[in-house]
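Examination of the molecular architecture
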Amino acid sequence: MFYSSTQTVIIFAVLCTLLIATLIAFISFIIYRYKQKQNAYFRGIQELKALHANEMLQSQLEIQEQTFENISREIHDNIGQKLTLAKLHLNTLHLKDEFASSIHLDDSILMISEAINDLSDISRSMSSEIILNNGLIKGLEFEVAQLNKSSLYNIELIITGDAIFLSSQTELVLFRIVQEALNNIMKHSLASIVEIHLHYNQHKINLEINDDGKGFITSENKLGTGISNMCRRAQLLSGKSTVSSCPGKGTQIQIEIPIHGN
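Residues numbered from 1 in each chain as written. Predicted model: local features only at pLDDT ≥ 70, side-chain atom pairs only at ≥ 80, totals over all residues. Heavy atoms only, no water.

Moving on to the side chain of threonine 251. Secondary-structure assignment places threonine 251 in strand β5 (residues 251–258). Looking at threonine 251, the relative accessible area reads 10%, which means it is buried. Only 2.9 Å separates the side chain of threonine 251 from the side chain of serine 245, close enough to count as a polar contact. Once you skip the residues sitting within four places of it in the chain, threonine 251 turns out to touch Ile209, Asn210, Asp211, Gly215, Phe216, Val243, Ser244 and Ser245. (Helix = DSSP H or I, 4+ residues; strand = E, 2+ residues; numbered from the N terminus. Buried < 20%, exposed > 50% of the residue type's maximum accessible area, 1.4 Å probe, protein only. Polar contact = N/O pair within 3.5 Å; in protein donor to acceptor, adjacent residues only side chain to side chain. Contact = heavy atoms within 4.5 Å.)

Structure (structure tokens):
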């Protein structure tokens with residue numbers, strides 16, 4: 001059966017129309033799928049941002065909670081004791097013995113002055129403001145100084161490399177990691193010597209926390225909440241963490257955080 005030229009042109013036109021329609025439908029489908037994936041991607045980004053914001057808020061709240069716990073302990077064990085002794089000295093003054101009274105007064109003034117200085121330190125550590133205003137290094141120095149006051153621990157802070165400016169959120173999380181580690185050590189390790197080493201280089205930050213405590217078996221089911229929280233926070237900063245410990249040989253926590261993207 002032969003077609004006339006007119007019929008051939010019509011058939012060709014119909015086929016071209018169908019092909020064009022098919023191509024348009026295919027392109028529309030591709031665009032639709034692309035839009036779907038793009039929307040899913042942006043939703044994922046928003047969810048990650050929300051998760052990150054929640055983690056940052058949680059870190060700030062936990063820093064404040066730990067700080068308040070430290071403040072309570074400091075007031076009870078240190079400031080309260082000094083003020084009680086000062087009061088005792090003042091109540092037992094012998095007005096007829098000027099020399100003894102003078103010694104008691106001097107001791108009382110000294111203890112009250114120390115209590116005032118301690119309260120001043122506490123007022124500066126009431127929240128995460130010490131990190132936001134002074135940076136990570138100053139915050140760590142202050143935290144270590146406060147804990148060393150108790151004379152129960154010998155905590156050494158070592159900073160090496162050229163310090164690099166980080167976002168306040170990153171520094172808050174790093175500070176919370178150290179705070180969590182110290183809190184864990186005080187509660188569980190029976191350690192007396194702690195070394196915190198913070199090293200900056202061009203591409204990453206290495207944080208290492210060592211103690212001479214009783215140690216533990218580092219199997220997955222033995223990691224406590226504190227250490228798990230530290231590892232989770234390191235992941236939040238796209239970092240990695242390693243915990244090494246052995247019964248009777250202390251514990252070593254190593255955190256590595258990339259600097260790019262902060």
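This part is about the sheet that holds β5. What the five strands build is an open sheet, ordered β1-β2-β3-β5-β4; its pairing is mixed. Each having just a single partner strand, β1 (154–160) and β4 (240–245) make up the two edges of the open sheet. Here the average twist between neighbouring strands, direction ignored, is 10 degrees. The pairing of strand β3 (residues 204–211) with β5 spans eight bridges and is classified as antiparallel. When the bridges of β5 are listed, isoleucine 209 appears paired with isoleucine 253. Of the strands in this sheet, β1, β2 (193–200), β3 and β5 are in contact with helix α4 (residues 168–189), which crosses β3 at around 10 degrees. Each of β4 and β5 is contacted by helix α5 (residues 225–236), which is oriented at about 155 degrees to β4, the strand it contacts most. (Pairing = 2+ DSSP bridges. Axes fitted to C-alpha atoms, helices over the stretch in contact; angles between N-to-C directions.)

Next up on the list: the environment of leucine 85. Position of leucine 85 relative to the elements: it lies in helix α1 (residues 5–91). Separated by 23 residues in sequence, leucine 85 and serine 108 place their C-alpha atoms 7.5 Å apart.

Okay, the pattern of salt bridges next. Applying the stated criterion across every chain yields a total of five salt bridges. A salt bridge links arginine 176 to glutamate 180, with the nearest nitrogen and oxygen atoms 3.3 Å apart. With a gap of four residues between them, arginine 176 and glutamate 180 both fall in helix α4, about one helical turn apart. There is no split in this pair, since arginine 176 and glutamate 180 are both buried. Here arginine 233 ties to glutamate 180 by a salt bridge, and the two come within 3.5 Å at their closest N and O atoms. (Salt bridge = Lys/Arg side-chain N within 4 Å of Asp/Glu carboxyl O.)

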